[in-house]
Amino acid sequence: MASNPAAPEAPFVPSQRGSETEDGKIPTFGFGSRRTDEGPWEEWNPSADTTRPVRGRHRVGKQRGGGGLARSSTVLGVGVIAAVGGAGMATAQTGKPPVSISMPDLASVGSPFAGEDEADAEPQGSPNALSSVGVTSEETEQGTSDAGEALRARIILQAEQQKDQAEAKIQQAAQDAAAKKAAAEAAKVKREAAAKAAAAKKKAAEEAAAKLEAARLAELAKQYTLPTSSYTITSTFGQAGSLWSSGYHTGLDFAAPTGTPIKAVHTGTITEAGWSGSYGYRTILTLEDGTEIWYAHQSSINVSVGQKVNTGDVIGRVGATGNVTGAHLHMEVHTSSSDTAGIDPMAWLRSMGLNP
């Protein structure tokens, strides 16, 4: 703790009259009769020059912003000086030395007597408060409110960040699901397109094959012909019945009036021509591939064995000879690989581009 200098003494010495005076009164202070050691004095009124503080070593820097302690110290010092000057004399306690006013040597407390050279100096002091003394409840509440608001803002920010992260995850998951669904749909569309393309290709191939077959049959049709005309199909190959000795029909019957021309279905050679029991008059035409065409129940034969015939040549006429119930042409087809019963004449004719 540093001590400030004592208040300056008044520029006069008060007169004193003690108990030894002539009147025997108690000693008093004031403007009484003059002592011999007193000079001529005049009344002192304080002014700006006479109240200038005494400079000393223990000066304390001004408190930044004006501290309450520095202001109170300054007022106290000036008040003491004004009291002494206003009374025109200095008072003192008898028998007691003057008490100096001491103040803490704090950097944040300013000197009550600043010099003229320090009047314009930058105030020095600690930026931190020495204590909470002087802080109002409103300021405390304000600080607490600010801290609470900061914590609340931080919590809200964290919550918003977590919410944004959750929404980002949900959005990413939705995007992944959408991408997966789009990929699956694209794959499905691709498979469907491939299936359609394959089906179209297959259909085109089938159509092309059908066209080729039709062209082939058309060409064959030029080379093959039906055995007769103006006919009706009455019995087919494999039909069961007691009318046939084998128990089923072995050929294809074309019912037509007696005398209807019978034609060679294709170019070949006559290998048989004459009577043949239940077949009546029968002619066998052997084609170049070895297939035999049998014509039975003829009323007449127009060719002989060994004769070469072409497609459409008349080789005989429809009749009712042999085991029959009416005039018709009984036609059978025998191949080198077939048994004695032969094959279905209807299927063979169709394979040659003909439609009986």
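Since the model is a prediction, treat every value here as computed from it, not as a measurement.

Description of the overall build of the protein chain
Secondary structure summary: the protein chain contains three helices and 13 strands in total. A total of 356 residues make up the protein chain; the buried ones form 25% of that total. Pairs at least 24 residues apart make up 63% of the contacts formed inside the protein chain by residues separated by at least 6 positions. Looking at the protein chain as shown, the accessible area adds up to about 23500 Å², and 55% of this sits on carbon and sulfur atoms.

Digging into the nonpolar core
Leu285, Ile293, Tyr295, Ile315, Met331, Trp348 and Leu349 are the most contacted members of the largest nonpolar core, which has 27 residues in total. Listed by contribution, the elements that provide at least two residues to this core are α2 (137-223), β6 (252-255), β9 (281-287), β10 (292-301), β12 (314-318), β13 (328-334) and α3 (345-351).

A word on the pairing of β6
Note that strand β5 (residues 232-235) and β6 share three bridges and pair antiparallel. Across the sheet, threonine 232 pairs through a bridge with alanine 255, a residue of β6. With four bridges connecting them, β6 and β13 associate as antiparallel partners. Counterpart to leucine 252 in the pairing with β13 is methionine 331.

Concerning unusual backbone geometry
Non-glycine residue serine 230 carries a positive phi angle of around 55°. Relative accessible area serves as the criterion here: at 65%, serine 230 is assigned to the exposed category. With a phi angle near 65°, histidine 297 is a residue other than glycine that sits in the positive phi range. Looking at the secondary structure, you find histidine 297 in strand β10. Since its relative accessible area comes to 5%, histidine 297 is described here as buried.

Thoughts on the pattern of salt bridges
Across all of its chains, the model carries three salt bridges by this definition. Residue glutamate 149 is joined to arginine 152 by a salt bridge in which the shortest nitrogen-to-oxygen separation is 3.9 Å. Placement of both glutamate 149 and arginine 152 in helix α2 is noted, with a separation of three residues, approximately one turn of the helix. Look at glutamate 149 and you get partly exposed, because its relative accessible area is 43%. Note that arginine 282 is salt-bridged to glutamate 272, the shortest N-O span being 2.5 Å. Residue arginine 282 is located in strand β9, and its partner glutamate 272 is located in strand β8 (residues 268-275); the two are separated by 10 residues in the primary sequence.

Some details on the environment of methionine 331
Relative to the helices and strands, methionine 331 resides in strand β13. Judged by relative accessible area, methionine 331 falls into the buried class, the value being 0%. Taking the C-alpha atoms as reference points, methionine 331 and isoleucine 293, separated by 38 residues in sequence, lie 7.1 Å from one another. Contact partners of methionine 331, with chain neighbours within four places excluded, come to Pro227, Gly251, Leu252, Phe254, Val265, Ile293, Trp294, Pro345, Trp348 and Leu349.

Overview of the packing of aromatic side chains
Within this structure, the stated rule accounts for four aromatic pairs. Between the aromatic rings of tyrosine 224 and tryptophan 348, the centroid separation amounts to 5.9 Å while the plane-to-plane angle is 80°, which identifies the pairing as edge-to-face. Here tyrosine 224 is found in the loop between α2 and β5, whereas its partner tryptophan 348 is found in helix α3, with 124 residues between them in sequence. The class for tyrosine 224 is buried, based on a relative accessible area of 9%. An angle of 85° between the planes, with centres 5.1 Å apart, marks the rings of tryptophan 275 and tyrosine 281 as edge-to-face. Tryptophan 275 gets classed as exposed once you look at its relative accessible area, which sits at 52%. You can call tyrosine 281 partly exposed: its relative accessible area is 35%. For arginine 282, the ring lying beneath its charged end belongs to tyrosine 279, and the centroid distance is 5.2 Å. Over the face of the ring belonging to tryptophan 294 we find arginine 282, whose NZ or CZ atom lies 4.6 Å from the ring centre.

Things to note about the pairing of β10
Examined bridge by bridge, β9 and β10 share five bridges and lie antiparallel to one another. Bridge assignment links leucine 285 to a residue of β10, and that residue is isoleucine 293. Between β9 and β10, which pair antiparallel and follow one another directly, the connecting turn spans four residues, one of which, glycine 290, has a positive phi of 95°. Of the pairings in the sheet, the one linking β10 to β13 comprises five bridges and is antiparallel in character. Bridge pairing in β13 places tyrosine 295 opposite methionine 331. Both β10 and β12 contribute to a ladder of three bridges, which runs antiparallel. Along β12, the bridge assignment pairs serine 300 with arginine 317.

Description of the confidence of the model for the protein chain
Taken as a whole, the protein chain shows an average pLDDT of 76; of its residues, 58% reach a score of 70 or greater. Contacts from residues 86-93, a stretch scored under 50 in pLDDT, to residues over four places away or in other chains number 10 contacts.

Conventions we followed
- Residues numbered from 1 in each chain as written.
- Predicted model: local features only at pLDDT ≥ 70, side-chain atom pairs only at ≥ 80, totals over all residues.
- Heavy atoms only, no water.
- Helix = DSSP H or I, 4+ residues; strand = E, 2+ residues; numbered from the N terminus.
- Buried < 20%, exposed > 50% of the residue type's maximum accessible area, 1.4 Å probe, protein only.
- Contact = heavy atoms within 4.5 Å.
- Areas by Shrake-Rupley, 256 points an atom, 1.4 Å probe, with all protein chains shown as cover.
- Core = buried A, V, L, I, M, F, W, Y, C linked by side-chain atoms within 4.5 Å.
- Pairing = 2+ DSSP bridges.
- Salt bridge = Lys/Arg side-chain N within 4 Å of Asp/Glu carboxyl O.
- Phe/Tyr/Trp six-rings, centres within 6.5 Å; stacked < 30°, edge-to-face > 60°.
- Lys NZ or Arg CZ within 6 Å of the ring centre and 35° of its normal.
- pLDDT = per-residue confidence, 0-100.

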